[in-house]
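Read off the chains here:
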Amino acid sequence: MKTYAFRLHRGDDLRLALTRFARENHLRGAVVLSCVGCLSHWRLRDASGVNMQEKTEPVEIVSATGTLSQDRLHLHLSLSRKDLSTIGGHLAEGCIVNTTAEIVLLELEDVAFGAAYDADTGYDEITIQPL
């Protein structure tokens, strides 16, 4: 297994930066170990798979979890607001880093994550292939 640690900067789009990193490093299967920082704008999808919410406000990234590869990214994000209430959902493009985002990823040696359409869900879902 291999770890990667890097920092994103003000103005970076969290989802686009993670996608780019996975592609540039040819990640076949990885998980998020840690992601902390803050956003100036957030955009999240709820569990329905349809509804998006977004807002320009300063929030802290208190948790991120999920899987990624050069072929796909599926992350859930928890954010803390000024009043310390927490919101969360599926990470979408448009989550803009305010001052920093510190990312630690773990690349798995024995699996590759891909995506294939699942007629039961109507979405491209993860495929897990042993290496």
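Refer to the structure printed above.
Here the structure is a predicted model, which means the values were calculated and not measured. (Residues numbered from 1 in each chain as written. Predicted model: local features only at pLDDT ≥ 70, side-chain atom pairs only at ≥ 80, totals over all residues. Heavy atoms only, no water.)

**Concerning the pairing of strand β7 (residues 111-118)**
Residues in a regular strand project their side chains so that they alternate between the two faces of the sheet. Put simply, the rule is: Each pair of strands is called paired provided DSSP finds at least two bridges between the two strands. Here a strand is any run of E in DSSP of at least two residues, a helix any run of H or I of at least four, and the numbering for each starts at the N terminus.
Here β7 pairs with strand β8 (residues 123-130) via 8 bridges, running antiparallel. Bridge pairing in β8 links A115 to I126. Adjacent in sequence and paired antiparallel, β7 and β8 are bridged by 4 residues, among which G122 carries a positive phi angle near 85°.

**Details of the packing of aromatic side chains**
Which entries qualify depends on this criterion: Ring geometry is summarised as follows: Phe, Tyr and Trp rings, the Trp one being its six-membered ring, pair when their centres sit within 6.5 Å, and such pairs are stacked at plane angles under 30 degrees, edge-to-face over 60 and tilted between the two. In this scheme, a residue with accessible area under 20% of its type's maximum is buried, one over 50% is exposed, and one in between is partly exposed, where area comes from a 1.4 Å probe on protein chains only.
Applying the stated criterion across every chain yields a total of 2 aromatic pairs. For the ring pair Y4 and F21, a centre distance of 5.4 Å and an interplane angle of 85° mean the geometry is edge-to-face. One end of the pair, Y4, is in strand β1 (residues 2-9); the other, F21, is in helix α1 (residues 14-24), with 17 residues separating them in the sequence. Take Y4 and F21: they sit in the same class, and that class is buried. Through a chain of ring-to-ring contacts, three or more aromatic side chains come together here, namely Y4, F6 and F21.

**Here we look at the pairing of strand β2 (residues 30-45)**
Summarising the sheet, β2 and strand β3 (residues 52-68) pair through 10 bridges and their orientation is antiparallel. Looking at the pairing, V31 lines up with T67 of β3. Linking β2 back to β3 in an antiparallel pair, the connection comprises 6 residues, with G49 at a positive phi of about 85°. Taken together, the 9 bridges between β2 and strand β6 (residues 96-107) define a ladder with antiparallel strand orientation. Following the sheet pairing, S34 is matched in β6 by V104. The sheet contact formed by β2 and strand β5 (residues 86-91) spans 2 bridges and is antiparallel. Looking across to β5, one finds that R45 is bridged to H90.

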